[in-house]
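A look at the structure
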Amino acid sequence: MTFVAKPRIHHPHLPLNEIGLTRRDYEGSVSTLCAGCGHDSVSAAIVQACAELSIPPHRFAKVSGIGCSSKTPSYFLDKSHGLNSVHGRMPSVSTGANLANRELFCVGVSGDGDSASIGLGQFAHIVRRRVNMLYIVDNNGTYGLTKGQFSATNDKGSTNKKGVPNLYEPIDLASLALQIGASFVARSFSGDKQQLVPLLKAGLMHRGMAFIDVISPCVAFNNHNGSTKSYEYVRAHSDNVVNVDYVEDHAEITADYDPGTCEDLRMPDGSTLRLYKLDDKFDVHDRVGALNYLQRRQEEGEVVTGLLYVDPDAADCHDILDTVPTPLNALTEADLCPGNANLERVNESFR
Amino acid sequence: MQPTNIFDPNYFHKVVDCQWACPAHTAVPEYIRMIAQGRYTEAYMLNWDSNVFPGILGRTCDRPCEPACRRVRTEEKPVAICRLKRVAADHKGDISAYLPKVPTNKNGKRIALLGAGPASLVVARDLLPFGYTVLMFDRDPVGGGMMRSQIPAFRLPADVLEEEVDLILDMGVECHFGYDIASMKDMLDMDFDAYFVGTGAPRGRDLDLPGRAESAEHISIGIDWLSSVAFGHTTAIEGKVIVMGGGNTAMDCCRTSKRLGAESVSVVVRSAFEVMKASDWEKEDAMSEGIPIINNRPPKQFVHENGKLKGVVFECVKAEQAEDGRLTYVASGDPDVFIEADHVLMAIGQENHCPWIERDIGIVFDKWDCPVLDEVTFQSTNEKVFFGGDSAFGPENIIWAAAHAHEAAISIDLYCRGLDLKDNRPPEGVNLVSTKMGMHEWSYDAEHDPRARLIVPHANKRQALDNIKIEVELGFDLRLAAKEAQRCLNCDVQTVFTDRLCIECDACVDICPMDCISFIENAEEAELRTRLMAPAMNAGQDLYVSGDLPTGRVMVKDEDVCLHCGLCAERCPTNAWDMQTSVVHIPQLGS
């Protein structure tokens, strides 16, 4: 953490986005996390993604639980809505927020403890319900806030700082999300913004449950030789399958890739996801194949990163529940009150 | 790009924009920190060491440091460096313990200094502690040269001038004042071991226009007139005054005229306002005293009647930008204007002029009548004779004179010791010292202060215009000085990067408020400049490039708008970034 506040002034040539804001306008208060924490890079990536998408900050809702990761919403978009909720209960609060106002960009930030231990049940059910949100897990494999115990995502056999090995099988949240209904699943690394920022943009614009598992090293407790979630290990064992570019409908696609490895996916809002396949063996539309690939590579000690699965046309929670298209907070009394005649008819049907 | 060699003394020196721009390379941020700490005496001595006249320069310097100040690029106005220097001088304590000791046993070498201005005084100060016998010759009855004769008392009070001049003379200079140097040949015949010519640029330019000769009695050369005011020969000027010229001498002439009783004063300049040579603050001060500056009016003729000046006729021109960007002047089509005048002061430039140096004694002059000198050693074609200050390369200012004089003193010493003047010069160097004191503790105040530049209080205008001896600027008081000192960005506290410690966590990139830091694939400089977090468009500022990192990328830092806030080092988990004070060693005699 730092005691020196970040000065307000910025580079004289910092670009403005479509709504006249600079990237700096999307920042929050100064981080109190440890120096070098991967979570701060994730926050910076969220800032960059939102600035590049020109999201009006007041159209943004950030929700979190408890833990180092869950502190981070204070450190980005300080002009947006936010709630730092109860441990493991971010999904409930996010569900409520999204149901009440379906027009907000709803982002949940959670950690491996918050989502894979105390909140595993909540995690599973919000994914099942396909709430239209971006669910980010800052995954460092350790309980940083309580000084470095193994978390449920820590790989079996990897050690703590003192060399004691972990005896339990890891929970892979990305696999779980694939299995139970997420229509956008990705994994990335806090130390690779080139990959992470486009994934965040795509996840934000995806309609339905978008889940991103971000390996985010804990410099204080889990960045040593025996760790499989250190900067060095992840860089050495990263298996990048599909990169994306989020392309807004009016923008021209200029990235220079071999056309054979590219695929454009239309999104329901008219924009395009451009996919760059880095591995022939991987198909981003094959949920079961992705699941198998992920598990097999994990057995081999590799970390699969990139976009793992996407279905742009999948139904989301609002489709399933058949809710009204208007946000609930914008419904007027006339919309909400059925009138005496209708009420009589409803009551009659129960007699 | 190749990794940056930060041990090249020039690399970090260049990052300290003010120090780099200063001809004498005064360690500006260091003395501003001392002022912030209330250590005025030490701040004064740090200045005295490099520029020798902190009290004088704190009032009169041309301030090349201020337009260079990083604050101009990050915000708008530079730190008031010059006026902070004055604070150190105004509030210093007893400096005697800090002064160099002059040995009583001399080394047997006798050096003649011609002229008693800033250049000669600095040479004297540099030579005396090493046992040289120094004799100073000047036609004026007292020392100080142009600092005394051309800078009016309302900008530089006599006691401030005398204190700093006497400090040097009292070190043991043998003064021969009131000595009219008529012949360099005679001086050479006195057989000194070396000579230093610091006689300035004493000839004011004149204009040969119709009516000039007939009105001679009512036309004065600016610097000569200022000099006669300084020595009390002129105490009044009557009627309407026109000052011709757009430099600082013109500003001094018009403001002096106003104080000596002129009925009206106007400055008439042949060129446009923006390209006038006078410093901005000098123009502002003149205008705030109610003196109009009339631009784009080249003079045509002096109008006289029976030997009495009536006024001056000026042409009207307008400035046009030529293809090469320079301004050219064409007739505007307006009729000529006549401005009434009883007296004209000509302040249209000055030149060096050494009629007393015979041209057959081995000192070669070029076609502009300047001595042919070695630019490093300041040695003339006569190996015993060295030049410095305005007499070397033409009119500059006090701070350039000090810079020349330090180099000339080194040369004179080497020459007297029979050593090679170039091979044996002391080298520049740089020391880097960490400012890290502990967790989140740095030995400098890293926090960025967004305050705007403070304004120096002025004396009551009516009283100031009544008395030429009342100093117009009052200087910062200690409270204002402490506030202004906080605006300094501490550019000498460097961001030093150790590539083998970096784990590429991006923490520095994320926290940097100015987007100075990027981790990218290496390329040629021109390409790198376009690919950074924020484009590095100021080619005058270097890129700091690391060696290869484990991912194959390099760290590239654009030095241009770095605030030296230390957040990169605060956020770095491995101390790959450290904030280190760079102390640049500028050679002087004895270093």
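Fair warning: this is a prediction, and the values are worked out from it, not measured in the lab. (Residues numbered from 1 in each chain as written. Chains lettered and ligands numbered in written order. Predicted model: local features only at pLDDT ≥ 70, side-chain atom pairs only at ≥ 80, totals over all residues. Heavy atoms only, no water.)

A short note on the packing of helix α13 (residues 222–230) of chain B against helix α14 (residues 248–259) of chain B
Residue and element names in this part refer to chain B.
- Interaxial distance between α13 and α14 falls to 10 Å at its minimum, and their mutual angle equals 45°. On the basis of the axis angle, α13 is oblique to α14. Classified by chirality, the crossing of α14 by α13 is left-handed. Side by side, α13 and α14 meet where G222, I223, W225, L226 and V229 of the first sit next to T249, D252, C253, T256 and S257 of the second. (Axes fitted to C-alpha atoms, helices over the stretch in contact; angles between N-to-C directions. Helix = DSSP H or I, 4+ residues; strand = E, 2+ residues; numbered from the N terminus. Parallel < 35°, antiparallel > 145°, perpendicular 65-115°, else oblique. Left-handed = near helix turned anticlockwise from the far one by under 90°. Contact = heavy atoms within 4.5 Å.)

Topic: the environment of G226 of chain A
All names here are of chain A.
- Mapped onto the fold, G226 is located in the loop between β8 (209–215) and α8 (231–237).
- Each C-alpha atom, one on G226 and one on K161, is 7.6 Å from the other, the two residues being 65 residues apart in sequence.
- Setting aside anything within four residues of it in sequence, one finds G226 in contact with S158 and T159.

Looking at the nonpolar core
- F53 and M184 of chain B are the most contacted members of the largest nonpolar core, which totals 100 residues.
- Setting aside anything within four residues of it in sequence, one finds M184 of chain B in contact with L114, Y195, V197, W356, I357, E358, I361, I363 and V385 of chain B.
- With 67 residues, the next largest nonpolar core counts A45, Y135, L196 and V284 of chain A among its residues. (Core = buried A, V, L, I, M, F, W, Y, C linked by side-chain atoms within 4.5 Å. Buried < 20%, exposed > 50% of the residue type's maximum accessible area, 1.4 Å probe, protein only.)

A look at the packing of helix α9 (residues 118–127) of chain B against helix α17 (residues 398–416) of chain B
Residues and elements named next belong to chain B.
- The contact between α9 and α17 brings their axes to 8 Å, and the two run at 40°. Here α9 is positioned oblique relative to α17, judged by the angle of their axes. When the axes of α9 and α17 are compared, the crossing they make is right-handed. Packed against α9, whose contacting residues are P118, A119, V122, V123, R125, D126 and L127, the element α17 presents I398, A401, A402, A405, H406, A409 and I412 at the interface.
- Across the contact of α9 with α17, the residue classes tally to 11 nonpolar, one polar and two charged. (Nonpolar A, V, L, I, M, F, W, Y, C, P; charged D, E, K, R; others polar.)

Quick word on the side chain of S190 of chain A
- Structurally, S190 of chain A is set in the loop between β7 (184–189) and α7 (193–205).
- Here S190 of chain A is in contact with G38, S41, V42, L196, V214, I215, S216, P217 and Y231 of chain A, once residues within four sequence places are set aside.

With respect to the packing of aromatic side chains
- Per the stated rule, a full pass over the model turns up 15 aromatic pairs over all chains.
- Between F282 of chain A and Y293 of chain A the ring centres are 5.2 Å apart and the planes differ by 70°, which places this aromatic pair in the edge-to-face class. Pair noted here: F282 of chain A is in the loop between β12 (272–277) and α9 (287–299) and Y293 of chain A is in helix α9, with a separation of 11 residues, a long-range link. Assigned by exposure class, F282 of chain A and Y293 of chain A land together as buried.
- Members of the aromatic cluster, connected to one another through ring pairs, are F137, Y179, F192 and Y195 of chain B.
- For K62 of chain A, the ring lying beneath its charged end belongs to F76 of chain A, and the centroid distance is 5.5 Å. (Phe/Tyr/Trp six-rings, centres within 6.5 Å; stacked < 30°, edge-to-face > 60°. Lys NZ or Arg CZ within 6 Å of the ring centre and 35° of its normal.)

Describing the pairing of strand β21 (residues 493–497) of chain B
- Most of β21 of chain B sits inside the fold, with five of its five residues counted as buried.
- In β21 of chain B, alternate side chains face the same way, and those of V493, T495 and F497 of chain B on one face and Q494 and V496 of chain B on the other are all buried.

Notes on unusual backbone geometry
- For K147 of chain A, which is not glycine, the phi dihedral falls at a positive 80°.
- Turning to its location among the elements, K147 of chain A is positioned in the loop between β5 (142–143) and β6 (149–150).
- Judged by its relative accessible area of 62%, K147 of chain A is exposed.
- Of note in this structure, D369 of chain B is not a glycine but carries a positive phi near 70°.
- If you trace the backbone, D369 of chain B turns up in the loop between β16 (350–351) and β17 (385–387).

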